[in-house]
Amino acid sequence: MEEICIIEGGLFSWIDYLVLGVVLVGSCLIGTFYACTGPKQTTSADFLLGGSSMGTIPTALSLAAGYITAIELLGNPSEMYTHGSQFWMICLSFILVVPITSYFYLPVFVNLRLTSSYEYLERRFNRHSRVLAATMYLLQMILYTSVAVYAPALALGHVTGLNTYVAVTVVYIVCIFYASQGGMKAVIMTDTFQALVLVASIFAVMLIGNHYLGGFKHIFEANLKSHRIELFIMDPNPTVRLSFWSVVIGGTFYWATMFCANQASIQKYMSVETIGQARRAIWTSCLGLIIVFSINFYTGMILYDQYQNCDPLLNQEISSSDELLPLYVMNIQGHLKGIPGLFVSGIFAASLGTVASAMNSLAAVFMKDILDSLCGIIVPDEKGAIVSKWLSLCFGILSFALVFVVEQLGSVLEVALSFNGITGGITLGLFSLGMFFPWANSKGALIGGLVSLLLVSWIGIGAQINTALGQNLSDHKMISIDGCPCNLTNILIEEIPDELPFWLYRISYLWYSAIGCLITFIVGAIVSILTGPTKPSHVDSELISPPVNYILDRLPNKYKEKLNISLNEKKPKSKSSSKEGIVNQGLSLEPEIHVRL
């Protein structure tokens, strides 16, 4: 007869519901306040860019909040618990990405003063490459936001008892309310509040856990004995799930897609007055990411010390590793009234930040790239704000509706997360091709993007199918159930597959963005050369990254002639005042002396 194991844990108290309610109502009130105060929002620039009047610190916190999803808040501690500390080296990627963004990509976007970043691709290449990138972004973000809200809500529901559908519905109602009414200004200011709640929640859980287990020394030694402390796995094999190279190099490419080629991020860069403010906001958000990821991984160490003799997943207390942290909070810290409520509020805050930024960016992309560029429907500037509000509302409702589709698709959750890196890598490749290779032409960009999309999608989807079939090896660290108060007798032990899948399907998911970017760039450059390269002198200098312009301008004359850089032709006049983009008059390339806080 199967033994029944009853796990006692904490339950949500009225204090926890009060804390959660304060966070949700606070988000609505802050969003409403900034939607109703200040200059009236009448144009697209007012709604989508906050009138380019946002402060450095709020923008920085909003950037960090947009990058930190609820999936990561639950996934990073379980990553440490299950696979070890190698992934913490992703913090090096943040440090590498910031100067790349600040000096290679950001000046181009600031010079052009665009609302949709994909307009760059039409100016540099043609409309087809712009529509390709914009369509990928629309599909990616609509699906990803559904996953980013549903997956954490499901994990919380299984452990805390909160109804998953109620949690998802509340997140979308709150988010749709303030994001569709207040635009970028409401998004950034509400994100600031939510970022503080997020950090407070994970910091509180970490401090309490550290105290209960006897401090850092005891926790570190427990993880060291289990071989979880490892930062320099130098194996160059790309099929190794986590190595120094995949985390730092592959991770740099992934985060470059988020910092350098993500519409939501670029809109926030455009919401401040000067490029100096934008750079400071990027550096500050980088610091925030490092702090949050470090707290997450130390919390993972706490989880291992707590459960080292009784793994909850193996003991069938939970059904997914994402439920590990909520289980710990409810069972170990649940008696501390308010802590479960604060923790769940932090998860909700991360979900709200993800959806709000997505709604605003989706509205911008659809209005500028689909309605304007593809369909030829030009929205008058005086009606831009109202159209943007309705588009934000529609995309919020569409994302909410897709939650109920995602729920039925199971393994598609992981496919959606991989697709996030795949499409981002291709978009980064297109921007890089245009900014760093002046000889690139429109045929190269389009063919490079399509070839990369087919190849990386094949690799990513094939990997997910093999994982679902149990054919991919895992690299789980040592776990045990010897200390469980009651051991289930029907525990399933993972078996080693008889035959490994094709090696491409075993490539670490961290390389997907790098592969997508490099294939797009290399194929695009080769096709451009074979089909007649563009003369660099015929390309608007504002479309080329400043360091590349600097190098080309200082080449000896004999090399300029060989590289088809004309010495006598004048480069085309800047198109920054084109009707396609919304002119962001506030942005200046000169750093501002007095920082707006």
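Residues numbered from 1 in each chain as written. Predicted model: local features only at pLDDT ≥ 70, side-chain atom pairs only at ≥ 80, totals over all residues. Heavy atoms only, no water.

**Examining the overall build of the protein chain**
What the protein chain contains, in helices and strands, is 20 helices and zero strands. Within the protein chain, contacts between residues at least 6 apart in sequence are counted, and of these 88% link residues at least 24 apart. Accessible area of the protein chain: about 24300 Å², with a carbon and sulfur share of 66%. (Helix = DSSP H or I, 4+ residues; strand = E, 2+ residues; numbered from the N terminus. Contact = heavy atoms within 4.5 Å. Areas by Shrake-Rupley, 256 points an atom, 1.4 Å probe, with all protein chains shown as cover.)

**Remarks on helix H19 (residues 546-553)**
Among the residues of H19, Val548, Asn549 and Leu552 are the ones counted as buried. Buried positions in H19, seen along its axis, are confined to an arc of 100 degrees and lie on one side of it. Away from its buried face by more than 90 degrees, H19 exposes Tyr550 and Ile551. (Buried < 20%, exposed > 50% of the residue type's maximum accessible area, 1.4 Å probe, protein only. Arc of directions from axis to C-beta.)

**Topic: a nonpolar patch on the surface**
A contiguous nonpolar surface patch, about 390 Å² in accessible area, is contributed by Phe232, Met234, Trp245 and Ile249. Tracing the backbone shows Ile249 in helix H10 (residues 244-260). (Patch = residues over 30% accessible without salt bridge, like charges linked within 9 Å, V, L, I, M, F, W, Y side chains within 5 Å. Salt bridge = Lys/Arg side-chain N within 4 Å of Asp/Glu carboxyl O.)

**Focus: the packing of aromatic side chains**
Here the distance between the centres and the angle between the planes together describe a pair of aromatic rings. Within this structure, the stated rule accounts for 27 aromatic pairs. With centroids separated by 6.3 Å and ring planes inclined at 70 degrees, the aromatic side chains of Phe437 and Phe521 adopt a geometry described as edge-to-face. Of this pair, Phe437 sits in the loop between helix H16 (412-436) and helix H17 (442-468) while Phe521 sits in helix H18 (residues 512-530); the two residues are 84 residues apart in sequence, bridging distant segments of the chain. Residue placement shows Arg228 over the ring face of Tyr81; its charged tip is 5.7 Å from the ring centre. (Phe/Tyr/Trp six-rings, centres within 6.5 Å; stacked < 30°, edge-to-face > 60°. Lys NZ or Arg CZ within 6 Å of the ring centre and 35° of its normal.)

**Some thoughts on helix H4 (residues 70-83)**
In this model, H4 (14 residues) spans 19 Å end to end at C-alpha, consistent with the 20 Å of a helix rising 1.5 Å per residue. Of all 14 residues that make up H4, 14 are buried, and the element is covered over most of its length. Residue Gly84 follows H4 closely and has a positive phi angle near 100 degrees. (Expected span 1.5 Å × (residues − 1).)

**A closer look at the environment of Gly31**
Among the secondary structure elements, Gly31 is positioned in helix H1 (residues 14-36). Between the C-alpha atom of Gly31 and that of Val174, which follows or precedes it by 143 residues, the distance is 9.5 Å. When neighbours within four sequence positions are excluded, Gly31 is seen to be in contact with Tyr178, Ala186 and Thr190.

**Some thoughts on the packing of H4 against helix H14 (residues 339-374)**
Describing two packed helices takes the angle between their axes plus the distance from one axis to the other. Interaxial distance between H4 and H14 falls to 7 Å at its minimum, and their mutual angle equals 130 degrees. Here H4 is positioned oblique relative to H14, judged by the angle of their axes. Residues Ala70, Leu73 and Leu74 of H4 lie in contact with H14, whose contacting residues are Phe343, Gly346, Ile347, Ala350 and Ser351. In the contact of H4 with H14, the residues fall into six nonpolar, two polar and no charged. (Axes fitted to C-alpha atoms, helices over the stretch in contact; angles between N-to-C directions. Parallel < 35°, antiparallel > 145°, perpendicular 65-115°, else oblique. Nonpolar A, V, L, I, M, F, W, Y, C, P; charged D, E, K, R; others polar.)

**Details of the environment of Gly524**
Here Gly524 lies in helix H18. Separated by 78 residues in sequence, Gly524 and Leu446 place their C-alpha atoms 7.5 Å apart. Sequence-distant contacts of Gly524, that is, excluding residues within four places in its chain, are made with Leu433, Gly444, Gly448 and Ile519.

**Some details on the pattern of salt bridges**
Counted under the stated rule, the structure contains six salt bridges. Here Glu122 makes a salt bridge to Arg130, at a shortest N to O gap of 2.6 Å. The partner of Lys268 in a salt bridge is Asp191, and the shortest N-O contact between them spans 3.5 Å. Note that Lys268 is positioned in helix H11 (residues 263-269) and Asp191 in helix H8 (residues 164-212), a separation of 77 residues in sequence. For Lys268, a relative accessible area of 3% translates into the label buried. Assessed through its relative accessible area of 0%, Asp191 is described here as buried. Counted as one network, the salt bridges with shared partners bring together Glu122, Arg130 and Asp369.

**Digging into unusual backbone geometry**
The backbone phi angle of Arg113 is positive, close to 55 degrees, even though this residue is not glycine. When you line up the elements, Arg113 lands in the loop between helix H5 (90-112) and helix H6 (119-124). Given a relative accessible area of 24%, Arg113 falls into the partly exposed group. Even without a glycine there, the phi angle at Gln316 is positive, about 60 degrees. Looking at the secondary structure, you find Gln316 in the loop between helix H12 (275-307) and helix H13 (324-332).

**Side note on the nonpolar core**
Residues Trp255 and Phe259 are the most contacted members of the largest nonpolar core, which totals 138 residues. Among the elements that make up this core, the one with the highest residue count is H12 (17 residues). If we skip the residues at most four places from it in the chain, Trp255 touches Tyr67, Glu72, Ile90, Phe94, Val97, Leu289 and Phe293. Ranked by size, the runner-up nonpolar core spans 13 residues in total, among them Ile422, Ile507, Tyr512 and Ala514. (Core = buried A, V, L, I, M, F, W, Y, C linked by side-chain atoms within 4.5 Å.)

**A short note on the confidence of the model for the protein chain**
Detailed reading of the predicted model is not advised wherever pLDDT is low. Looking at the protein chain, the pLDDT average stands at 81 and 82% of residues meet or exceed 70. When pLDDT is averaged over each element of the protein chain, H18 comes out on top at 95 and helix H2 (residues 44-49) at the bottom at 63. Between residues 1-8, whose pLDDT stays under 50, and residues either more than four places distant or in other chains, the model counts ten contacts. A low-confidence stretch, residues 489-496 (pLDDT under 50), is modelled with nine contacts involving residues beyond four sequence positions or located in other chains. (pLDDT = per-residue confidence, 0-100.)

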